[in-house]
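# Fold and contact review
Read off the chains here:
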Amino acid sequence: MFIQWCLKGISERPTFGDTEAEALLYSGIKSNWLFNNGTMPVELAIPTVQSALGLSALLTHVNNYAAVRTTSPYISLSAGVVLADTALGSRKFPAWRSAMDFATEWGRSFGYVYRVWTIVTPQPAPQVLSVSDEVRNLNLFDAAWKYQSQGEITAKLVIPSAQIQYVIKVGSDRRPAGFRRDNTGFVNPETISNLLVEI
Amino acid sequence: MPRLAGTEEWNEGLLRGKARYYLDTIKTVGEVAREFWPHERAQDPRRVDEIRFREEVTDVRLEQFTEAMALLLVSDRTDEAMSFFADLGWVLNGFPTSDGPKTFGRVSVNIRQFVGLSLFAALAKDGGMLLGETGLEYRTSRGSLTLSRDRQNGSEFLAVLPTLFFVALATRVERVDLYILSKLISDLLGQYGALGLFERPEAKLLGIYSTLFEGNSSEPRIAFIFGQLDGFMALRELERRYTSRIREMRSDRYHWVRMNAPGDLVDWVLLIAQVAMLRDNGLPFLPENFPASPETHFCWDLARALA
């Protein structure tokens, strides 16, 4: 498995402003499933969400988001992608661009961009709650080709607070809008890597 | 003026806003990219990292510019797009050259940038390609793009060669430069044919010009493994591919009406090939002579408007 830095863009709304954006640093970034089932008892929520996970559900989340946007247990993140050797050359799509498009709704609103890390499996694991899937990798998810340029990594249920480094607010012109909050409880991913110090 | 079926459903204000978003934010790409440039990547010596950063900034500007132009071209704004194509300063500097020096000088670019920018200049009938002292060069009225020789190897360069050939052809390049480009393709076909890159329809399309230099046995026959029939079939394949892509995008109603359906609205390789053929009187290949989808007719209508 590997650890991947990702960005997540969320647009500003009447119900989601600076206060809520900062609160998310400490509550974690929830999937829409969790957002809409937040009061479900844990002993019921865990098996329920487990039964909602699977390859079909993941591909529906990626390819037909409109159908599941209020119920999906998955969370789309962007890590960027390079499309190699096309007839136009190798095309690069950085993570920030995708996150920025979603955060600003393509220039129609202010928004927030979060930097997070997540553990990604080297093979598909859409049913395993604690790890993320590298949907941008067509060797693993060829059915997700349509959205490859978004460089998607798909997490599940929630991005825990400890994995969120910061949030930054951006204007509709994508420039930083003067609001940035670092997560005081952030845990650096290097602390869980396989690089060990000598005893 | 040509308009892609289905785009009439788009909200006019949303369309203008989205095109403006892509163009207006071109000038902020450097600033935003630096904000989000991962400090973990700064393992290279500082200078190398800065060069890489600047290259990526231009790459992003080019992708945004390309998306803005695609929106204009499919929605009956060909003239507006043409005025943008003629000013590569948008991508190279982040603003139009009218807002600064009238030229952008002589700029060394990477393969993707060379292909994209020379393709746009060719559509605008501005300048042409030639083989300069340091490698391939594209000279426009406002400056030159150069692709250094050390970039001209590897699979990425092989993959774009057919596109470059059509860019060159669309600009009515000097016959001698077309000859050199053709020879390069012929040589590489012989050396790297097994890579599979030349199995793509974009490469087979070269077969249309397989007889370009016939009559002089000492000159290369470009794409010698492809005949005109291969080229013709490849053209139809690219048209079919474009048709099915657009139909797939349109079927995703949620994203289509928001102009967020994934995929390129314009097949730039097909477009420059069609423009080149029309400028070169490639009449036998026009869709009037064959059954064609409305999407294919749109492609040709667009190419006619640009030719």
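Residues numbered from 1 in each chain as written. Chains lettered and ligands numbered in written order. Predicted model: local features only at pLDDT ≥ 70, side-chain atom pairs only at ≥ 80, totals over all residues.

## Here we look at the overall build of chain B
Applicable threshold: Secondary structure is summarised from DSSP: a helix means a run of H or I of at least four residues, a strand means a run of E of at least two, and numbering begins at the N terminus for each. Counting other C-beta atoms within 10 Å of a residue's C-beta gives its exposure: the residue is buried at 20 or more, exposed at 12 or fewer, and partly exposed in between, where C-beta atoms are placed from the backbone. Each residue gets a C-beta atom placed from its backbone, and two residues are in contact if those atoms lie within 7 Å.
The secondary structure content of chain B amounts to 13 helices and 4 strands. Counting across all 307 residues of chain B, residues that qualify as buried make up 42%. Counting only contacts in chain B whose residues sit at least 6 apart along the sequence, the fraction spanning at least 24 positions is 69%.

## What about the confidence of the model for chain B?
Residue and element names in this part refer to chain B. How we decide: The pLDDT value tells you how sure the predictor is about a given residue, anywhere from 0 up to 100.
Confidence along chain B averages 85 in pLDDT terms, with 86% of residues attaining 70 or more. Model confidence for chain B, summarised as mean pLDDT per element, is weakest for helix α8 (residues 175–192) at 72 and strongest for helix α6 (residues 111–123) at 96. For this predicted complex, the interface score ipTM comes out at 0.89, while the overall pTM is 0.91.

## Regarding helix α4 (residues 78–85) of chain B
Residues and elements named next belong to chain B. Definition in use: Note: the arc covers the axis-to-C-beta directions of the helix.
Those residues of α4 not exposed but buried are A81, F84 and F85. Projected down its long axis, α4 carries its buried residues within an arc of 100°, all on one side. In this structure, α4 carries D79 and S83 as exposed residues pointing more than 90 degrees from its buried face.

## What about the interface of chain A and chain B?
This is how the line gets drawn: Note on residue classes: Ala, Val, Leu, Ile, Met, Phe, Trp, Tyr, Cys and Pro are nonpolar, Asp, Glu, Lys and Arg are charged, and everything else, Gly too, is polar.
Each side of the interface is counted separately: chain A has 26 residues, and chain B has 34 residues. Of all the secondary structure elements, the ones that give two or more residues to the side of chain A that touches chain B are β1 (2–11), β4 (81–86), β5 (89–93) and α6 (95–104) of chain A. In terms of residue count, the dominant contributor to the side of chain A that touches chain B is β5(A) (5 residues). A breakdown of the residues in the side of chain A that touches chain B according to their chemical character gives 12 nonpolar, 5 polar and 9 charged.

## Looking at the pairing of strand β2 (residues 128–132) of chain B
Keep this limit in mind: Two strands qualify as a pair provided DSSP detects at least 2 bridges between them.
Pairing geometry for β2(B) and strand β3 (residues 135–140) of chain B, over 5 bridges, is antiparallel. Each residue of the ladder has a partner; that of B:G132, found in β3(B), is B:G135.

## A few points about unusual backbone geometry
Despite not being glycine, A:R174 has its phi angle at roughly 80°, a positive value. One can find A:R174 in the loop between β9 (164–170) and β10 (176–182). The phi dihedral of B:D76 is positive, around 70°, even though this residue is not glycine. In this structure, B:D76 sits in the loop between α3 (46–74) and α4. You can call B:D76 partly exposed: it has 15 C-beta atoms within 10 Å.

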